[in-house]
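Analysis of the macromolecular model
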Amino acid sequence: MKPALRVENVSKRYAIGANQAMVGDLPNITDSVRRFASGTLRKVRALLQPGRFADDANSFWAVKDASFEVNPGEAVALIGRNGAGKSTLLKVLSRITEPTQGRIEIRGRLGSLLEVGTGFHPELTGRENVYMNGSILGMSRREINAKFDQIVEFSEVGKFLDTPVKRYSSGMYVRLAFAVVAHLDPEILIVDEVLAVGDANFQKRCIDRMMDLARSGKTILFVSHNMQQIPRLCQRAVMLERGQVVEVGPAGDVVQHYMDQLLVDARTGDLRNKTRTGDGRAKFVRAGLVDNDGRPLTVFTTGDDLILHMDVEATTDLPDANILVAVQTLHGTRLISGWTDESHFPVTLTKGRQGYECRFKNVAIRPGNPIMVSLRIALENQTLLDFVENALVYDVVGDDRSRHLYTNTELGVIAYDTEWKGVKAAE
Ligand SMILES: Nc1ncnc2c1ncn2[C@@H]1O[C@H](COP(=O)(O)OP(=O)(O)OP(=O)(O)O)[C@@H](O)[C@H]1O
Ligand SMILES: [Mg+2]
């Protein structure tokens, strides 16, 4: 059987910073799209990291020598961190961009749903875009007519069909875009993680629809960061790391290896590959809990000083910066923060690497409640340089002093020494 999709030694080189303008260009969009778009900015940062395949200072390989195949009727997930090259690969497969090297083969009619902003023409109405996309897929007007009502029903944008899509909210846009690719009968469906923009109910309908399509023998290649979803939807997964294919195999196994790797990174404190926001002139490159002698810790012992060491790398001199360290529960509740501004500690960055220590005294977190640490560095005018949310995760344990404490989370996150005594009752 010949594969439906074949990616053969595909590489794609980009100029560094070429797509950096994106975020500011999107003034009045919802937060989800802003977050989505800021991914692009994050990715630009990602390539300032060592280990990228840069063959000169101004370009780098977003995808390097990638090869894999997807068989007809198979559903395959593409996974990897931010900036790994997933969307780039999908764009090459959708012929939105040419590979710098290598080749692709596609057997069958291909429909793709890529990042918000591709696929639809902004000036055309929803209705016109449906017809345009159908004809790109090689369908006749009559064929599109036959599917039209289904598409409109699925997308729930009926009232706005004759409005140019540039006036659509991000949610409407994605709903219509998905409805089009999922109903215009492509034999091969390529879906980037745009679905994350929709609400939970819509996402579920999309996944259900993709499962139906998979069952009816369509070939699907999709990107997702939702690791629970992947094994339900796909037989196999392909893992990308810094543009390279590092694993191809059964979806459950690849997802497991990917998650193991994420956890290892969360514990080793290397922050260079983390998802982040900020303009990147300064970045947290390492951080971790240490003991009183500066030795790295793997768990936090309640009652101790919580001491965090962090290394910041600046691309230029930046006087008047400030650092915020926030410690929170796994549910995201902020427990404590340390802020250099509040402590009147000056942060004067010079080009290169510098280290800082933040010490919280006698932190009494009830054992059994893991903690996460987020790191933020900004300038005095609050220009964000780098923000790494949930950069580190630590288990909290007890020792001799705290052995008596129960670990039930219902008893609260903070554990205080309590003293009890009997007193005279009111008359
Ligand atoms: N048009 C472009 N010009 C220059 N660099 C680009 C362009 N598009 C993507 N890149 C860069 O290529 C790398 C791979 O980006 P890509 O969008 O493929 O990653 P991704 O795996 O989809 O990440 P995410 O999970 O954040 O969506 C990133 O470093 C990104 O900044
Ligand atoms: Mg992407």
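Above: the structure in question.
Note that this is a predicted model, so its numbers are computed, not measured.

Further remarks concern helix H2 (residues 86-93). The buried count for H2 comes to eight of eight residues, which makes it a mostly enclosed element. Listed in full, the buried residues belonging to H2 are Lys86, Ser87, Thr88, Leu89, Leu90, Lys91, Val92 and Leu93. Looking at the residues trailing H2, positive phi occurs at Arg95, about 60 degrees.

Another point: unusual backbone geometry. Of note, the phi angle at Asp320 is positive, near 60 degrees, even though the residue is not glycine. In this fold, Asp320 is placed in strand S13 (residues 318-329).

Here the focus is the sheet that holds strand S9 (residues 244-250). The strand order across the open sheet formed by six strands is S5-S6-S7-S3-S8-S9, and the pairing between neighbours is mixed. Bordering the open sheet on either side are strand S5 (110-113) and S9, each of which pairs with just one other strand. Sheet twist, expressed as the mean angle between neighbouring strand axes with direction ignored, is 15 degrees. Sheet topology note: the strand S3 (residues 75-79)/strand S8 (residues 236-241) ladder contains four bridges and is parallel. Its bridge partner being in S8, Leu78 is matched across the sheet by Val238. Where helix H5 (residues 170-183) meets the sheet, it contacts S5 and strand S6 (188-191), and its direction lies at approximately 165 degrees from that of S5.

A word on the environment of Lys147. Counting through the fold element by element, Lys147 comes out in helix H4 (residues 141-155). Between the C-alpha atoms of Lys147 and Asp185, which are 38 residues apart in sequence, the distance is 9.1 Å. In contact with Lys147, other than residues within four places in its own chain, are Met139, His183, Leu184 and Asp185.

Glancing now at a negative patch on the surface. Residues Asp320, Asp341, Glu342 and Glu380 make up a contiguous surface patch of negative charge. Here Asp341 is to be found in the loop between strand S14 (334-339) and strand S15 (347-349). For Asp341, a relative accessible area of 37% corresponds to the partly exposed category.

Ranked by size, the top nonpolar core spans 50 residues in total, and within it Ile79, Leu176, Phe178, Met210, Ile220, Phe222 and Ile230 carry the most contacts. Top contributing element to this core by residue count: H5, with ten residues. Of all hydrophobic cores here, the second largest spans 34 residues; its members include Ile323, Phe360, Ile365 and Val373.

Attention shifts here to the pairing of strand S18 (residues 384-397). Judged from the three bridges that link them, strand S11 (residues 299-301) and S18 form a sheet pairing that is parallel. Its bridge partner lying in S18, Val299 is registered against Asp395. The pairing of strand S17 (residues 371-379) with S18 spans seven bridges and is classified as antiparallel. Note on S18: the bridge partner recorded for Val373 is Leu392. In sequence, S17 turns back onto S18 through a hairpin of four residues, with Gln382 there showing a positive phi of about 70 degrees.

Within the structure shown, the criterion is met by seven aromatic pairs. Ring geometry for Tyr14 against Phe60: centres 6.4 Å apart, planes inclined by 40 degrees, an arrangement best described as tilted. Of the two residues, Tyr14 is situated in strand S1 (residues 5-15) and Phe60 in strand S2 (residues 59-70); the sequence distance between them amounts to 46 residues. We classify Phe60 as buried; its relative accessible area is 6%. Ring geometry for Phe345 versus Tyr356: centroids 6.2 Å apart, planes at 85 degrees, classification edge-to-face. A residue pair is termed long-range when its members are at least 10 positions apart, and Phe345 in the loop between S14 and S15 and Tyr356 in strand S16 (residues 352-360) qualify at eleven residues. A residue is classified by how much of its surface remains accessible, and Tyr356, at 13% relative accessible area, is buried.

Here is what the cut-offs are and how they apply
Residues numbered from 1 in each chain as written. Chains lettered and ligands numbered in written order. Predicted model: local features only at pLDDT ≥ 70, side-chain atom pairs only at ≥ 80, totals over all residues. Heavy atoms only, no water. Buried < 20%, exposed > 50% of the residue type's maximum accessible area, 1.4 Å probe, protein only. Helix = DSSP H or I, 4+ residues; strand = E, 2+ residues; numbered from the N terminus. Pairing = 2+ DSSP bridges. Axes fitted to C-alpha atoms, helices over the stretch in contact; angles between N-to-C directions. Contact = heavy atoms within 4.5 Å. Patch = residues over 30% accessible without salt bridge, like charges linked within 9 Å, V, L, I, M, F, W, Y side chains within 5 Å. Areas by Shrake-Rupley, 256 points an atom, 1.4 Å probe, with all protein chains shown as cover. Salt bridge = Lys/Arg side-chain N within 4 Å of Asp/Glu carboxyl O. Lys, Arg positive; Asp, Glu negative; His and termini not counted. Charge placed at Lys NZ, Arg CZ, Asp CG, Glu CD. Core = buried A, V, L, I, M, F, W, Y, C linked by side-chain atoms within 4.5 Å. Phe/Tyr/Trp six-rings, centres within 6.5 Å; stacked < 30°, edge-to-face > 60°.

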